[in-house]
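Survey of secondary and tertiary structure
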Amino acid sequence: AAADWIAARLGDVGLEVHRAAFPAVIGESAPVTMENVWGISAGSDRAGEIVIALGNYDMAPTSYQAASDTAGHVGAVLELARLIHGTRHRRTFIFLFPDGEEWGMLGARHFARTFPQRRRIVAALSIEDLDPGNLAALGVDGIGKFRGFAPMWLRSLAAAAAAREGYPVVETDPVSEWLARAVLVSATDQGPFLGAGVPAVDLAGRGDDPALKDDVY
């Protein structure tokens, strides 16, 4: 039902809508079917670069209706799709809603491995968790999935965009990043893209009321 709803909203925007089902095994359960949904806004350079904005639509088992971490960033990606598709652009944009993020970024991993034009992808922006309350900062995470880390140019672009809007950036402290680079186990959807050799970064809206976030989450 969630996949149907997202596909309908992408269609309302006017995007070319795609859906792809794939099998997955969660823990000791029997195989289940998951489904990625995405919309394409073609650029004027039809054979040129692709930028992906993505946000998973499956919910954490511990959350209540996924009001903060998932619905918030699904809404943000849908609004990006509406705004960007309404303007002329050279690069092609894909607005991707992967399934199975809470179980190990399964949908993002499947897309990064199987998308036929993946060599044209120049950046993937994983949009994760839009905190309730007032926006206070932009969280940036660049850890890969067993391989790589977000390139500095992409992290710098994110920081510059936040600064332009008057927001600070919250990044991992140097010691924690050093440890993260040693382990390379991501918890969000930029990880599988980095593992596939695609420049990627995770962006999250940090609110000014952590207690409210905890309550909603």
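Model, not experiment: these values are computed from the prediction. (Residues numbered from 1 in each chain as written. Predicted model: local features only at pLDDT ≥ 70, side-chain atom pairs only at ≥ 80, totals over all residues. Heavy atoms only, no water.)

Moving on to the sheet that holds strand S2 (residues 32–41). The strand order across the open sheet formed by eight strands is S1-S2-S4-S3-S5-S8-S6-S7, and the pairing between neighbours is mixed. A single partner strand is all that each edge strand has here, and the edge strands are strand S1 (16–24) and strand S7 (169–170). In terms of strand pairing, S2 meets strand S4 (residues 92–97) through five bridges, oriented antiparallel. Bridging across to S4, serine 41 finds its partner in phenylalanine 93. Its contacts with the sheet put helix H1 (residues 2–13) on S1, S2 and S4, and the angle it makes with S2 is roughly 10 degrees. The strands touched by helix H3 (residues 106–114) within the sheet are S1, S2, strand S3 (50–54) and S4, with S2 carrying the most contacts at an inclination of about 60 degrees. (Pairing = 2+ DSSP bridges. Helix = DSSP H or I, 4+ residues; strand = E, 2+ residues; numbered from the N terminus. Contact = heavy atoms within 4.5 Å. Axes fitted to C-alpha atoms, helices over the stretch in contact; angles between N-to-C directions.)

Next up on the list: the packing of aromatic side chains. In this structure the tally under the stated criterion is four aromatic pairs. Aromatic side chains tryptophan 38 and phenylalanine 111 sit 5.1 Å apart centroid to centroid with 80 degrees between the ring planes, which places their arrangement in the edge-to-face category. Of this pair, tryptophan 38 sits in strand S2 while phenylalanine 111 is found in helix H3, placing the two residues 73 residues apart along the sequence. Given the relative accessible area of 10%, tryptophan 38 is considered buried. The buried category is assigned to phenylalanine 111, whose relative accessible area is 2%. (Phe/Tyr/Trp six-rings, centres within 6.5 Å; stacked < 30°, edge-to-face > 60°. Buried < 20%, exposed > 50% of the residue type's maximum accessible area, 1.4 Å probe, protein only.)

This brings us to the pairing of S4. A large share of S4 lies buried, amounting to six of its six residues. Neither face of S4 is left uncovered, since the one carrying Thr92, Ile94 and Leu96 and the one carrying Phe93, Phe95 and Phe97 both have all their residues buried. Sheet analysis places S3 next to S4, joined by five bridges and oriented parallel. Looking across to S4, one finds that isoleucine 50 is bridged to threonine 92.

The N-to-C vectors of H1 and helix H2 (residues 71–85) enclose an angle of 20 degrees; their axes lie 9 Å apart at closest approach. Accordingly, the angle class assigned to the pair H1 and H2 is roughly parallel. Between H1 and H2 lies a crossing of right-handed hand. Here Trp5, Ile6, Arg9, Leu10 and Val13 of H1 come into contact with H2, specifically with Val74, Leu78, Ala81, Arg82 and His85. Looking at the contact of H1 with H2, its residues break down into seven nonpolar, one polar and two charged. (Parallel < 35°, antiparallel > 145°, perpendicular 65-115°, else oblique. Left-handed = near helix turned anticlockwise from the far one by under 90°. Nonpolar A, V, L, I, M, F, W, Y, C, P; charged D, E, K, R; others polar.)

Note that all results are geometric; they support no functional claim without further evidence.
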